[in-house]
Amino acid sequence: MLTLQTQGKVRKLREKSRVIVGHYIGPGNLGNISKSDLNTNNFSPIPGEGENGKPVAIPVKDMVKMQQVFQINRFNLLASDRISLNRTLPDVRRVKCIERKYSKNLPSTSVIVVFHNEAWSVLLRTVWSVITRSPKNFLKEIILVDDASERTTLPVKTRIFRLQVREGLVAARLLGAQHAKGDVLIFLDAHCECSPGWLEPLLAEIQKDRRKVACPVIDIISDDNFSYVKSFELHWGAFNWQLHFRWFALESSELLKRRNDITTPFRTPVMAGGLFAIDREYFYEIGAYDRAMKIWGGENMELSFRVWQCGGEIEIVPCSHVGHLFRKSSPYTFPGGVNEILNKNLARVALVWMDEWSEFFFKFNSVASRIGKFENVTDRLALRSTLKCRDFEWYLTEVWPQHFFPTDDRFFGRILQIATGSKLYVAYKNFLRGSRVSGSGGYWMNLIRLINNNTDKLHNLLDGDYKNVLCLMRSASNGAFNQFGQATLELCETTPQNSLTQMFVVTKEGKIMTDENLCIDASEKAAESTNNSTMVRLITCSDTVRQSWLYDPAKLKIIHKVSNFCLHAAQKNEPVIEKCSQQLDQSWIFIPHPWK
């Protein structure tokens, strides 16, 4: 029997172990999360749960607990703990991939997994999927790197290297690469599941050319129920004006090139960064990672630019599929603040690799601009010089010709709807009247050159007063898979930081583009419609005729090329196309915005 003194000590120990480290902020009163909650491993697999990638259904009696522990990792930890470490997954590959034969002499690989406070069952399932679905003669080793985790539920009996303080993804991966012995490095996030046949296609591409970086198709593991969902294979990676990674679908012209073999690897301007394979020696030849980057964010952009601009190539390999647990929010800490850390990393990317387009990035990102003034990138610029890397203009032209960034042969700025007969209308017409700009379909290049050469003059026409002028704009981003949006008309913003959604690029082919790879689009059958007008949308940019526009400089009208209808400002400030007329709401002008 415990004495009163001993009972007091036990009580104090229990109270100490229940120190509150997180507060539940969702609906209902579910209680707080303590250190003991964080450090308790509740892995208890139930036969059949989650098999073949099926979703896990939590019993009603456990719903409250499920919602509470969801806060720890921002995914359904209860569901994960009910699934075995070696659960089966569907073979989502195409038949042609399954039938493909690979050399028995592929290079060996070291798989490097970095983790920070990762859930035990999720981390171990990542490791186990590599072990069970990788041919043993190609898998040299698995290296786990602990980025200063604070939890005690990870007693993994394998090769682990630990950082003593939180340094982030870059430092942790460099530590893992330093100890790797395989011919190829494969970096995986700590919440993945490799599907059947994932490894050989990646190694085969690198064996063909050691300067290739090979990326798998990233399938989706649900954060709600841990179901495994096959992703669309024909997405490639790029980025928006804020340098945030985005997925874009291959254009129809690219699909035509692949009609004989849809499983052929294809180039991607940027990789997602969480999952890729690279020749170990080549990784160091091109400068590994930028060590000055902290925690997470932007390192995939930096490595992608460097690989492409310095003679390498990045491919997505459709025959390789790896599932990744996608979350709606991040559970990770960012010492120093996420905004400061991310913008520091992106500032370094821009300063080293983007040439004059770095000015474009900084113009619309005041935080990155402030931080960038104090960043020392001398060593990375020296690396770029030593490797004799190409410039960013080459990257945009040769690697990503579909890009929506401003260039000298494009218009960049606002598209304003103005009243016919107004002072601004007359002034703009007079400006264009003396320009000798042809009204035919081939005038875009001359018009763009004229506008770009008179940026200051056109700004002076407005006298800086946007109070009563409407700007064409897009809706805010819908995230990484932004496929469509709504075009609207709103009062023009007065500051660059708030005006990105009102900026457009017009190409010499007459395509009106905006951020997130969205283009102004209207139905080619508008002229056949019984309605007086047809809605204008922002749709993923493509090579369709629906996205071709003309401009009549004599009447200041934007004309849909295929229907010959005019862009019109509807009453609800939603642009449409209607039959061209003398209506007051069909006059538009282009005001350039200096971007470098």
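Because the structure is predicted, anything quoted here is derived from the model rather than measured.

The rules behind the values
- Residues numbered from 1 in each chain as written.
- Predicted model: local features only at pLDDT ≥ 70, side-chain atom pairs only at ≥ 80, totals over all residues.
- Heavy atoms only, no water.
- Helix = DSSP H or I, 4+ residues; strand = E, 2+ residues; numbered from the N terminus.
- Buried < 20%, exposed > 50% of the residue type's maximum accessible area, 1.4 Å probe, protein only.
- Areas by Shrake-Rupley, 256 points an atom, 1.4 Å probe, with all protein chains shown as cover.
- Core = buried A, V, L, I, M, F, W, Y, C linked by side-chain atoms within 4.5 Å.
- Contact = heavy atoms within 4.5 Å.
- Disulfide = S-S within 2.5 Å.
- Polar contact = N/O pair within 3.5 Å; in protein donor to acceptor, adjacent residues only side chain to side chain.
- Salt bridge = Lys/Arg side-chain N within 4 Å of Asp/Glu carboxyl O.
- Phe/Tyr/Trp six-rings, centres within 6.5 Å; stacked < 30°, edge-to-face > 60°.
- Lys NZ or Arg CZ within 6 Å of the ring centre and 35° of its normal.
- Pairing = 2+ DSSP bridges.
- Patch = residues over 30% accessible without salt bridge, like charges linked within 9 Å, V, L, I, M, F, W, Y side chains within 5 Å.
- pLDDT = per-residue confidence, 0-100.
- Axes fitted to C-alpha atoms, helices over the stretch in contact; angles between N-to-C directions.
- Parallel < 35°, antiparallel > 145°, perpendicular 65-115°, else oblique.

1. Remarks on the overall build of the protein
Here is step 1 of the chain: From N to C terminus, the protein includes 19 helices and 27 strands.
Here is step 2 of the chain: Considering the protein as a whole, with its 596 residues, one finds that 56% of them fall into the buried category.
Here is step 3 of the chain: For the protein, the exposed area adds up to about 26500 Å²; of that, 52% sits on carbon and sulfur atoms.

2. What to know about the nonpolar core
Here is step 1 of the chain: Among the nonpolar cores identified, the biggest contains 111 residues, and Trp198, Phe239, Phe305, Tyr395 and Trp400 are the most heavily contacted of them.
Here is step 2 of the chain: No other element matches helix H7 (residues 169-179), which puts seven residues into this core.
Here is step 3 of the chain: Excluding residues that lie within four positions of it along the chain, phenylalanine 305 makes contacts with Phe239, Val270, Cys310, Val349, Trp353, Met354, Phe392 and Tyr395.
Here is step 4 of the chain: Counting 45 residues, the second-largest nonpolar core is a separate cluster that includes Tyr428, Leu447, Val536 and Leu550.

3. Some remarks on the state of the cysteines
Here is step 1 of the chain: Tallied over the entire structure, the rule returns five disulfides.
Here is step 2 of the chain: The side chain of cysteine 519 participates in a disulfide bridge whose partner is cysteine 541; the two sulfur atoms lie 2.0 Å from each other. Across the S-S bond of cysteine 519 and cysteine 541 the torsion is about 100°, and the bridge reads as right-handed. Residue cysteine 519 is found in strand E20 (residues 518-521), and its partner cysteine 541 is found in the loop between strand E22 (537-540) and strand E23 (549-552); the two are separated by 22 residues along the sequence.

4. Describing the environment of aspartate 391
Here is step 1 of the chain: Summarising the element assignment, aspartate 391 is placed in the loop between helix H15 (378-386) and helix H16 (392-399).
Here is step 2 of the chain: Among residues more than four places away in sequence, those in contact with aspartate 391 are Gln309, Asp355 and Arg384.
Here is step 3 of the chain: Polar side-chain contacts of aspartate 391 include one of 3.3 Å to the backbone nitrogen of glutamate 393.
Here is step 4 of the chain: Looking at aspartate 391, its side chain comes within polar contact range of the main-chain nitrogen of tryptophan 394, at 2.8 Å.

5. Remarks on the pattern of salt bridges
Here is step 1 of the chain: Taken as a whole, this structure holds 33 salt bridges when the rule is applied.
Here is step 2 of the chain: As a salt-bridge pair, arginine 474 and aspartate 515 come within 3.5 Å of each other at their nearest N and O atoms. Separated by 41 residues along the polypeptide, arginine 474 in strand E16 (residues 470-474) and aspartate 515 in the loop between strand E19 (512-514) and E20 bring together distant segments of the chain. For the pair formed by arginine 474 and aspartate 515, the shared burial category is buried.
Here is step 3 of the chain: Because the salt bridges share partners, they merge into one network encompassing Glu205, Lys208, Lys212 and Glu315.

6. Overview of the packing of aromatic side chains
Here is step 1 of the chain: Tallied over the entire structure, the rule returns 35 aromatic pairs.
Here is step 2 of the chain: Aromatic side chains tryptophan 357 and phenylalanine 392 sit 5.8 Å apart centroid to centroid with 55° between the ring planes, which places their arrangement in the tilted category. Here phenylalanine 392 lies in helix H16 and tryptophan 357 lies in helix H13 (residues 357-363), a separation of 35 residues in the sequence. Both residues of the pair, tryptophan 357 and phenylalanine 392, count as buried.
Here is step 3 of the chain: Centroid distance phenylalanine 360 to phenylalanine 405: 5.6 Å. Interplanar angle 65°. Geometry classified as edge-to-face. Pair noted here: phenylalanine 360 is in helix H13 and phenylalanine 405 is in the loop between H16 and strand E15 (411-417), with a separation of 45 residues, a long-range link. Just as phenylalanine 360 is buried, phenylalanine 405 falls in that class too.
Here is step 4 of the chain: The ring of tryptophan 394 carries arginine 390 above its face, with NZ or CZ at 4.4 Å from the centroid.

7. Here we look at the pairing of strand E11 (residues 245-249)
Here is step 1 of the chain: Burial runs high along E11: four of the five residues are buried.
Here is step 2 of the chain: The sheet contact formed by strand E10 (residues 235-239) and E11 spans five bridges and is antiparallel. Bridged to histidine 235 within E11 is alanine 249.
Here is step 3 of the chain: Connecting the antiparallel pair E10 and E11 is a turn made up of five residues, with leucine 243 showing a positive phi of about 65°.

8. Section: a nonpolar patch on the surface
Here is step 1 of the chain: A contiguous nonpolar patch, built from Ile220, Val229 and Phe326 and spanning about 210 Å² of accessible area, is present on the exposed surface.
Here is step 2 of the chain: Following the sequence through the fold, valine 229 ends up in strand E9 (residues 228-229).

9. Quick word on the confidence of the model for the protein
Here is step 1 of the chain: Overall, the prediction assigns the protein a mean pLDDT of 86, with 86% of residues at 70 or greater.
Here is step 2 of the chain: Below a pLDDT of 50 lies the segment residues 1-30, which in the model reaches 28 contacts outside its immediate sequence neighbourhood of four places, other chains included.

10. Looking at the packing of helix H11 (residues 299-309) against H16
Here is step 1 of the chain: Relative to each other, H11 and H16 sit at 85°, their axes nearing to 10 Å. When the axis of H11 is compared with that of H16, the two are roughly perpendicular. Contacts between H11 and H16 pair Phe305, Trp308 and Gln309 from the former with Phe392, Trp394, Tyr395 and Val399 from the latter.

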